[in-house]
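Each chain, written out:
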Amino acid sequence: MTMTAPLAEDTKLGPKAGGLYRHQNFATGLIVGILSAVIGWVISHALLQSSNWGSDMVVTVTLVSWVVGFNIGIGSFNAIFRWSLGHDEDHEDQLYGAGVGQGWKRYFKFCTDHKVVGTQYLVLVMVLFGVGGTLAMMIRTQLLTPNSQFMSPETYNSIVSIHGMIMIIATIIMVSGPFANFIMPIMIGAKDMAFPRLNALSFWLVVSAVPPILGSFLLGGVPAGWTTYAPLAVQAPPAMDAFAITICTFVLSVTVAGINTLVTVLTMRTKGMTPGRLPIFVWGSIIAGGLGLYAMPAFLMAQSAMITDRVVGTSFYVAMQGGTGWLYENTFWIMGHPEVYVILIPPVGALIEIASTFSRKPVFAYKVMVSGVIGIATLAIMVWAHHMFTTGWAPTLADPFMLTTELISIPTGIVFLCMVGTIWRGSIWTRLPMYFLYLFLFNFIVGGITGIYLSDVPVDQYFHGNMFVTAHFHYTLLGGGMIGAAGAVSYWYPKMTGRMLNERIGKTAFWIIAAGIQITYLGQFWEGFQGMPRRVANYAQIFQHANDMSSVGAYILMTGWIVFLYAIISSWRHGVKAPANPWHAKSLEWQTSSPPPLENFLVDPVVTSDPYGYGEDDLAPQRQPQPVSAEAGSTTGGAH
Amino acid sequence: MSVTDHGHEHTGYFEGGGGYHDTPQEKHRKEHVAVWLFIFGDAVFFMLELFFWFYLRANNTAGMWRGADCTAQSPQSIAGGGPTATNICTDGLGNPITHEIATAAPLHTLAIAALIIIAAAFVWFAEVQARQGGTRKGVTPLLGLGVVFVVAAIVWQIVQFQILPFTTIQGAYASTFEFYMGSNIAHFLLALTVGFGLFNRSRIGKYEDGRWFQVHLSRIFFVWVAFSSAVLALVTVLFA
């Protein structure tokens, strides 16, 4: 066995290591981005000879210039220029790119280390949830009373739209960003992602996508709802251009990230990491990545056509000129429903890791569970039109889409039962991650069952336009997805930060969140049963009790998330130092230090058994996994 | 999970001579998978472009695919006889459409596709040369010719924009056709970036000593670009 000394973070590099990267960081990104935006604004304004500084064309050129400029400023495109010129990076450039010797500053640079990118994503997700959550509180405050004057209906509509899209962006990356970047490569024994520079690019693209959507409030707002249906969105103020540019940029990010995830798992598994030994979270990551690769181009197509309709006068969605709003709706939901599973599958994968680790049991029916997840992903691309039952599009297709939608409950049920089977009669160690698993199981039943109601065409006719739908998808995406993400944070926190998450504060947050979810969204189900339409700023008196319940629940829920955020931040600074394997887990990420060194392992691991080999003699959590010799098990199938 | 630390030497990423990671062979493997995944994502977008074309053409909403129904039928019959029917057949500025718009000249559309096919062919020949151990002098000119033809395709595409017999606002056919042209240019610019990089790297000897894999990967991408451009050209010519 030969060991290589880990590359220390304070390794001294030459004065020219990194080249241009030495001079680039978040600040240069901002400066170049803003300068580019100003130049784009001036040029487009001059060329159009327009007196309207905020015309669609001017806004679009300005914001595209911002996105391109920011990414040039931070160094996203350095590599492609160097490649084109034949100036390949040398050893020291690569070390500099990975953040060696830069301390905390590497978190504000175009850093290629997957652990830095994962941490950057985690912080970004928390910021996005903070913004989206604040907007949610404004919505619930408006709805406290029937004729509230807290904000105008126009502002309310915009806030609903921006809240929706920011939360969709945040939930898509909430697990696949931090954990598929930080944890997944370690889980398969890789030293980094397959394409570290693309990894950093995917992160900084999301960062550059955020200002346009936030700036939309200054551009007249987006009154068309988060789905931005045409032709309403075609007629919206220039803020809609900003909204669409955010989406197009985000799509590029997700596409790049999806390719990177898939290539990493397909080509970089360590020796012995056969497909049958892949942790479920890895399966979840690649299936979500593949599904995203299918879904996201549809989002790009829908929004590209939206931009051209608005900016250059094409007529994809304007009926008077030969277009049709149904084209947008179809394209949007061809993306929209798979995207739900792009959001949900990674957290479910993380929760299954938690279930096995804290039940000290192997994953129940591993192959069946993986098949179930693949089945979900496959059916997810065949159900999109159930979102359009009430639009009048192709009524003869309603029955087939109802059938495929109901069919998807079968693989979903299989995965759910496998999860329950994993903890069934286990030697359960009830730590914070398990709390979140239990809450997920409860919430997902509610969200899933109500989804079956909505797949039924006659029932959907009644519920589709009212708050029942809002409650359903919040139970699914927040009660399921975000709770899964919270479980993932509490599970992998020691590995990412090197410190233990404060469980006392974490459990306090958990109980507040659990109560807040039930009060908020059961209140919204009540509103739905009463027939309250969604997306309204003012409502009839009869809905007030249900709305008050929901709003009070939302304040409780927000309080819970703030407490959880406090636990994360305070533990990061003052938490107890974490050992390498605090949960005595068997998967590969726990066999290295917390946090792992650059390149993750001092010795390339060779895997000789599956990651869930908790035997009957292994019920006590005190037992540490012991290395065994390579000859003791199969070592076939590795990529290296 | 049981792991062993026996007999598997740690080979740091940052110690290999083949770039950021690994050996050239390992890089080839990764980038090969990545190129196909990229093409998959691009193909989804491409299929949606075709979907847009045929969906709008089949619907012919308000008779405004190419404005044909505005002359073939009375405005009232198009709109079901409603009182606002006379306003239906208008362009994006509200001007009445009084005739079916002409289609784009097939010569230009097909010529652009032909140029990019020729560009792809040159990159393919370059790959064959490189695989067979061709010298820098053998491979570089072929890549250079590929770049020249991509530039020619871009220029011709821009020229076609200038001479179209319709404008963007004149109905769904015009919109979709011009969207296709924009999509073509985006593809061509990407191909130009890749092609220029290949040419330059080949010129300074980066693809000697058997390191031809980037030419191979680029050939796959160029063929995809040529194929998609050809399909778009045929669709616009045959199904206008």
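Residues numbered from 1 in each chain as written. Chains lettered and ligands numbered in written order. Predicted model: local features only at pLDDT ≥ 70, side-chain atom pairs only at ≥ 80, totals over all residues. Heavy atoms only, no water.

J.: Residues and numbers for the overall build of chain A, please.
T.: Scanning chain A from N- to C-terminus turns up 20 helices and one strand. Counting only residues that meet the buried cut, chain A has 65% of its 640 residues in that class. Look at the contacts in chain A between residues 6 or more apart in sequence, and 81% of them connect residues 24 or more apart. Here chain A has roughly 22,500 Å² of accessible surface; of this, 69% comes from carbon and sulfur atoms. (Helix = DSSP H or I, 4+ residues; strand = E, 2+ residues; numbered from the N terminus. Buried < 20%, exposed > 50% of the residue type's maximum accessible area, 1.4 Å probe, protein only. Contact = heavy atoms within 4.5 Å. Areas by Shrake-Rupley, 256 points an atom, 1.4 Å probe, with all protein chains shown as cover.)

J.: So what's going on with the pattern of salt bridges? Residues and values would help.
T.: A side chain of one charge can pair with a side chain of the opposite charge when the charged atoms of the two come close. All names here are of chain A. Evaluated as defined, the whole model comprises 13 salt bridges over all chains. D56 is the partner of R310 in a salt bridge, and the nearest nitrogen-oxygen pair spans 2.8 Å. Placement of R310 in helix α11 (residues 280-311) and of D56 in helix α2 (residues 56-74) is noted, with a sequence separation of 254 residues between them. In this structure R310 comes out as buried when scored by relative accessible area, which is 8%. The shortest N-O distance in the salt bridge between R431 and E503 comes to 3.1 Å. With R431 in the loop between α15 (409-423) and α16 (432-455) and E503 in helix α19 (residues 503-530), this residue pair connects regions lying 72 residues apart in the sequence. When salt bridges that share partners are traced, they join D56, D241 and R310 into one network. (Salt bridge = Lys/Arg side-chain N within 4 Å of Asp/Glu carboxyl O.)

J.: A description of the environment of W561 of chain A should follow, citing residues and the corresponding values.
T.: Residue and element names in this part refer to chain A. Mapping W561 onto the fold places it in helix α20 (residues 544-574). Distance from W561 to F510, taken between C-alpha atoms, is 8.4 Å for residues 51 residues apart in sequence. In this structure W561 touches L478, M482, I483, A486 and I513, once residues within four positions along its chain are discounted.

J.: Go over helix α12 (residues 325-359) of chain A with me, naming the residues and quoting the values.
T.: All names here are of chain A. When the terminal C-alpha atoms of α12 are compared, their 50 Å separation across 35 residues agrees well with the 51 Å that a helix rising 1.5 Å per residue should span. At W333, α12 shows its strongest bend, of approximately 25°. Here α12 lies mainly inside the structure; 34 of its 35 residues are buried. Where α12 begins, the side chain of T324 points an oxygen toward the backbone nitrogen of W326, at a separation of 3.1 Å. Positive phi appears at R360, one or two residues downstream of α12, with a value of about 50°. (Expected span 1.5 Å × (residues − 1). Bend = angle between axes of the 7 residues up to and from the residue. Polar contact = N/O pair within 3.5 Å; in protein donor to acceptor, adjacent residues only side chain to side chain.)

J.: For the nonpolar core, give the residues involved together with the corresponding values.
T.: Core analysis: the biggest nonpolar cluster contains 262 residues, and Y317, W492 and F564 of chain A have the highest contact counts within it. Residues contacting W492 of chain A, with those up to four places away along its chain left out, are F179, I183, M187, F281, A350, E353, E589 and W590 of chain A. (Core = buried A, V, L, I, M, F, W, Y, C linked by side-chain atoms within 4.5 Å.)

J.: Give a description of the UniProt feature "transmembrane region" (unreviewed entry) in chain B that names residues and reports values.
T.: When the UniProt feature table is mapped onto this chain, "transmembrane region" (unreviewed entry) is found at residues 33-56, 105-126, 138-159, 179-199 and 220-239 of chain B. This span, residues 138-159 of chain B, is 100% helix and 0% strand, and a straight line between its end C-alpha atoms measures 33 Å. (UniProt positions renumbered as here; feature names shortened; annotations may be inferred.)

J.: Quick rundown of the confidence of the model for chain A? Include the residues and the values.
T.: All names here are of chain A. Model confidence for chain A is summarised by a mean pLDDT of 91, while 94% of its residues fall at 70 or above. Every residue in residues 1-6 scores below 50 in pLDDT, and together they form twelve contacts with partners more than four places removed in sequence or on other chains. Scored below 50 in pLDDT, residues 619-640 makes 56 contacts in the model with residues more than four places away or belonging to other chains. (pLDDT = per-residue confidence, 0-100.)

J.: Could you give an account of helix α6 (residues 153-176) of chain A, naming the residues involved and the relevant values?
T.: The end-to-end C-alpha distance of α6 of chain A, which contains 24 residues, comes to 35 Å, matching closely the 34 Å that a straight helix rising 1.5 Å per residue would cover. With 19 of 24 residues buried, α6 of chain A is to be regarded as a mostly interior element.

J.: Hey, could you go over the packing of aromatic side chains for me, with residue numbers and the actual values?
T.: Tallying each qualifying case throughout the model produces 60 aromatic pairs over all chains. Considering the side-chain rings of F122 of chain B and F125 of chain B, the 6.4 Å spacing of their centres and the 85° angle between planes classify their relative orientation as edge-to-face. Taken as a pair, F122 of chain B and F125 of chain B lie in helix α4 (residues 106-131) at a separation of three residues, close to a single helical turn. Among the aromatic residues, those joined into a ring-pair cluster are W226, Y229, F299, F316, Y317, Y328, F332 and W333 of chain A together with F52 and F179 of chain B. Here R66 of chain B stacks its cationic end above the ring of Y173 of chain B, 5.8 Å away from the centre of that ring. Sitting above the plane of the W124 of chain B ring, R219 of chain B keeps its charged end 4.5 Å from the centroid. (Phe/Tyr/Trp six-rings, centres within 6.5 Å; stacked < 30°, edge-to-face > 60°. Lys NZ or Arg CZ within 6 Å of the ring centre and 35° of its normal.)

J.: So what's going on with the side chain of E89 of chain A? Residues and values would help.
T.: Structurally, E89 of chain A can be placed in the loop between α3 (78-85) and α4 (91-97). Among the polar contacts listed, one links the side chain of E89 of chain A to the side chain of R197 of chain A, at a separation of 2.7 Å.

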